[in-house]
Amino acid sequence: MITSSVLFMVSPPEARDPSIRPAASRFRRSEPRREQSLLFILPENDQYVSKSKSPVEEPADIREESAVKACVVHAARDVRIDHRDTAGAGAGEVMIGFAWGGICGSDIHYFEHGRVGDSIVRNPMVLGHEFSGTVIETGAGVTGLRPGDKVAVNPASPCGTCGFCRSGETNLCTDMQFMGSAARLPHRDGGFSEIVRVKAAQCVKVPAGADLRHLAMAEPFAVALHAVAMAGEVSGRTVLVTGAGVIGQMVAVAARRAGAERIIMSDVSPEACARAARLGADEVVNAADPTALSALTATPRSDIVFEASGAPQALDLAIEAMKPRGRLVQVGFLPPVSPLHLAKLLTRELTITGTYRFSDEFEAAVQAIAAGEVDLRPMISAELPLDAPEAVFERALDKARTLKVMVTFQ
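Given the structure is predicted, the values throughout are model-derived calculations rather than measurements.

Caption draft 1: Structural context of the state of the cysteines. Considering all chains together, one arrives at 0 disulfides under this definition. As a non-bridged cysteine, cysteine 162 has cysteine 165 as the owner of its nearest cysteine sulfur, 3.6 Å distant.

Caption draft 2: Seen up close, unusual backbone geometry. Residue proline 186 follows leucine 185 across a cis peptide bond; omega there is -5°. Of note, proline 186 is situated in the loop between strand 12 (177-178) and strand 13 (195-199). Phi at arginine 77 is positive, roughly 60°, even though this residue is not glycine. Within the element layout of this structure, arginine 77 appears in the loop between strand 3 (67-75) and strand 4 (78-85). Given the relative accessible area of 40%, arginine 77 is considered partly exposed.

Caption draft 3: Focus on the pairing of strand 4. Pairing of strand 3 with strand 4 involves 8 bridges; the strand directions are antiparallel. Bridge pairing links cysteine 71 to isoleucine 81 in strand 4. In textbook terms, the turn of a hairpin is the stretch between consecutive antiparallel strands, and for strand 3 and strand 4 this stretch comprises 2 residues, one of which, arginine 77, has a positive phi near 60°.

Caption draft 4: Molecular detail of the sheet that holds strand 19 (residues 322-330). Strand order in the open sheet made by the 6 strands is 17-16-15-18-19-20, with parallel pairing throughout. Of all strands in the sheet, those with a lone pairing partner are strand 17 (283-286) and strand 20 (351-354), marking the two edges. The sheet shows a mean angle of 20° between the axes of neighbouring strands, taken without regard to direction. In the packing of helix 7 (residues 290-297) onto the sheet, the strands contacted are strand 15 (238-242), strand 16 (262-267) and strand 17, and the crossing angle to strand 17 comes to about 130°. Running at roughly 150° to strand 19, helix 8 (residues 312-321) makes contact with strand 15, strand 16, strand 18 (302-307), strand 19 and strand 20 of the sheet.

Caption draft 5: Structural context of the layout of surface pockets. Estimates place the volume of the second largest pocket at around 450 Å³. Contributing to the lining of the second largest pocket are 23 residues, with Arg188, Asp189, Gly190, Val196 and Arg197 lying nearest its centre. Of all the elements in the fold, those that place two or more residues in the lining of the second largest pocket are strand 3, strand 4 and strand 13. Broken down by element, the residue count for the lining of the second largest pocket peaks at 5 residues, all from strand 13. Tallied by class, the residues present in the lining of the second largest pocket amount to 10 nonpolar, 6 polar and 7 charged.

Caption draft 6: Looking closely at the nonpolar core. Core analysis: the biggest nonpolar cluster contains 54 residues, and Phe221, Val239, Phe306 and Leu376 have the highest contact counts within it. If one sorts the elements of this core by residue count, helix 4 (residues 218-230) sits on top with 8 residues. Excluding residues that lie within four positions of it along the chain, valine 239 makes contacts with Val234, Ala255, Ala260, Arg262, Ile263, Ile264, Ile304 and Phe306. Of all hydrophobic cores here, the second largest spans 38 residues; its members include Val135, Met179, Cys203 and Val407.

Caption draft 7: Region of the structure containing the pattern of salt bridges. Enumeration according to the criterion identifies 20 salt bridges in this entry. One salt bridge in this structure joins aspartate 211 and arginine 213, with 3.6 Å as the shortest N-O distance. Residues aspartate 211 and arginine 213 agree in their burial class; the two are buried. The partner of aspartate 398 in a salt bridge is arginine 401, with the nearest N and O atoms 2.6 Å apart. A single salt-bridge network, built from bridges that share partners, covers Asp211, Arg213, Asp375, Arg377 and Glu383.

Caption draft 8: Representation of the confidence of the model for the protein chain within the structure. Per-residue confidence for the protein chain gives a mean pLDDT of 87; residues scoring 70 or more make up 84%. In this model, residues 1-65 is a region of pLDDT below 50 whose contacts with residues beyond four sequence positions or in other chains number 142 contacts.

Caption draft 9: Highlighting the packing of aromatic side chains. Counted under the stated rule, the structure contains 6 aromatic pairs. With a centroid separation of 5.5 Å and an interplanar angle of 75°, the aromatic rings of phenylalanine 98 and phenylalanine 409 are classed as edge-to-face. Of this pair, phenylalanine 98 sits in strand 5 (residues 93-102) while phenylalanine 409 sits in the segment after strand 22 (404-408), and the two are 311 residues apart along the sequence. Residue class for phenylalanine 409 comes out buried when judged on its relative accessible area of 4%. Taking 5.0 Å as the distance between ring centres and 20° as the angle between the ring planes, the aromatic pair formed by phenylalanine 111 and phenylalanine 393 counts as stacked. In this pair, phenylalanine 111 sits in helix 1 (residues 105-113) while phenylalanine 393 sits in helix 11 (residues 389-397), placing the two residues 282 residues apart along the sequence. Neither residue differs from the other here; phenylalanine 111 and phenylalanine 393 are each classed as buried.

Caption draft 10: Structural detail: the packing of helix 1 against helix 11. At a closest axis distance of 10 Å, the pairing of helix 1 and helix 11 adopts a crossing angle of 110°. In terms of axis orientation, helix 1 runs roughly perpendicular to helix 11. Once helix 1 is placed against helix 11, the crossing between them reads as left-handed. Of the residues in helix 11, those in contact with Asp107, Ile108, Phe111 and Glu112 of helix 1 are Phe393, Glu394, Ala396 and Leu397.

Caption draft 11: A look at a nonpolar patch on the surface. On the surface, a nonpolar cluster with roughly 420 Å² of combined accessible area is contributed by Phe164, Leu172, Phe333 and Tyr356. With respect to the helices and strands, the residue tyrosine 356 is situated in the loop between strand 20 and helix 10 (361-370).

Definitions and limits used
- Residues numbered from 1 in each chain as written.
- Predicted model: local features only at pLDDT ≥ 70, side-chain atom pairs only at ≥ 80, totals over all residues.
- Heavy atoms only, no water.
- Disulfide = S-S within 2.5 Å.
- Helix = DSSP H or I, 4+ residues; strand = E, 2+ residues; numbered from the N terminus.
- Buried < 20%, exposed > 50% of the residue type's maximum accessible area, 1.4 Å probe, protein only.
- Pairing = 2+ DSSP bridges.
- Axes fitted to C-alpha atoms, helices over the stretch in contact; angles between N-to-C directions.
- Contact = heavy atoms within 4.5 Å.
- 1 Å grid on protein atoms, 1.4 Å probe; cavity = no way out; pocket = protein on both sides within 12 Å on 5 of 7 lines; lining within 4 Å.
- Points joined across faces, edges and corners; volume = space filled by probe spheres on them.
- Nonpolar A, V, L, I, M, F, W, Y, C, P; charged D, E, K, R; others polar.
- Core = buried A, V, L, I, M, F, W, Y, C linked by side-chain atoms within 4.5 Å.
- Salt bridge = Lys/Arg side-chain N within 4 Å of Asp/Glu carboxyl O.
- pLDDT = per-residue confidence, 0-100.
- Phe/Tyr/Trp six-rings, centres within 6.5 Å; stacked < 30°, edge-to-face > 60°.
- Parallel < 35°, antiparallel > 145°, perpendicular 65-115°, else oblique.
- Left-handed = near helix turned anticlockwise from the far one by under 90°.
- Patch = residues over 30% accessible without salt bridge, like charges linked within 9 Å, V, L, I, M, F, W, Y side chains within 5 Å.
- Areas by Shrake-Rupley, 256 points an atom, 1.4 Å probe, with all protein chains shown as cover.

As structure tokens, this is what we get:
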């Protein structure tokens, strides 16, 4: 496992749980909130500090007929806290009280550009597909879940009937419903809402003592687990990860867990390289330095490369750095048209494969986090209230001092 820096926490993450609502009146919330303790990381040394807040009265009761807060993107650079009506759970559904969420690269693209590739925001959409919470209501026919249960929520709802679903390749579903995505009309709202209605099948129950902040990182870790699965045999191999962002770092964790002998990471950002070294990479290469790059390409050492940046230049580097008959897994989204140098694809008999989202790896990611097999929390750079969404996204865009931003509602 990748070694990680020690976290100093003044109070445990479950000292506050904004997702729990009294069950006596659906969605009612009237008692004073307990003292809150939010954790922030100072960018100079990535250490945790605690900022306690005095107990405050909750806002007006949230009842069945009342609106709840949601983080909604309307267009590029237009993200707001809207109030939306929330109906009760239908058959096979549950109502989840939002606890923690993670800002993903796609959320940032929707904020900054109003689109992710061909998925264009055409009407207001609730953001967020990395989140956890607590069950507050179950619909008819739901078994195995009850109010008070903590859950991680899988944002994917495959159709279950197409050929890919029938063969177990649900991530390739031809009629996928994915939360927080503008890929289809009407858009599929995400999970950044005080109360979220989801299918019970999307919920993975975790122990009562589980850290819901940590569990909100299960979705990107599932992406990493699927990428490593696509690489074939990893044990004993030398692995290069190009792109030291969140997904790249999680791929490194997943590769180490799968038995990789040596992890090399590269990035063009000095800050990202420094973080990669702190998070446990065996070797870090500044890809902006031609001399440093020659150490990877003059005598290729990488059995497997995970290209996690989505930059064509990084894909070229990956091909140059691979041993003959090496395998490259493309994790990051490349531009639609990319000039590439592919001659060595033939002369070294290289294999290139793509990887997309995850299938059954979501449950595996939740179990690994809940069991303490991996600790992804050193990747957290800040924890911020969603009540000020522009500040959240501006921080997430600051890549020099930010790796992962976690959010909650005040």
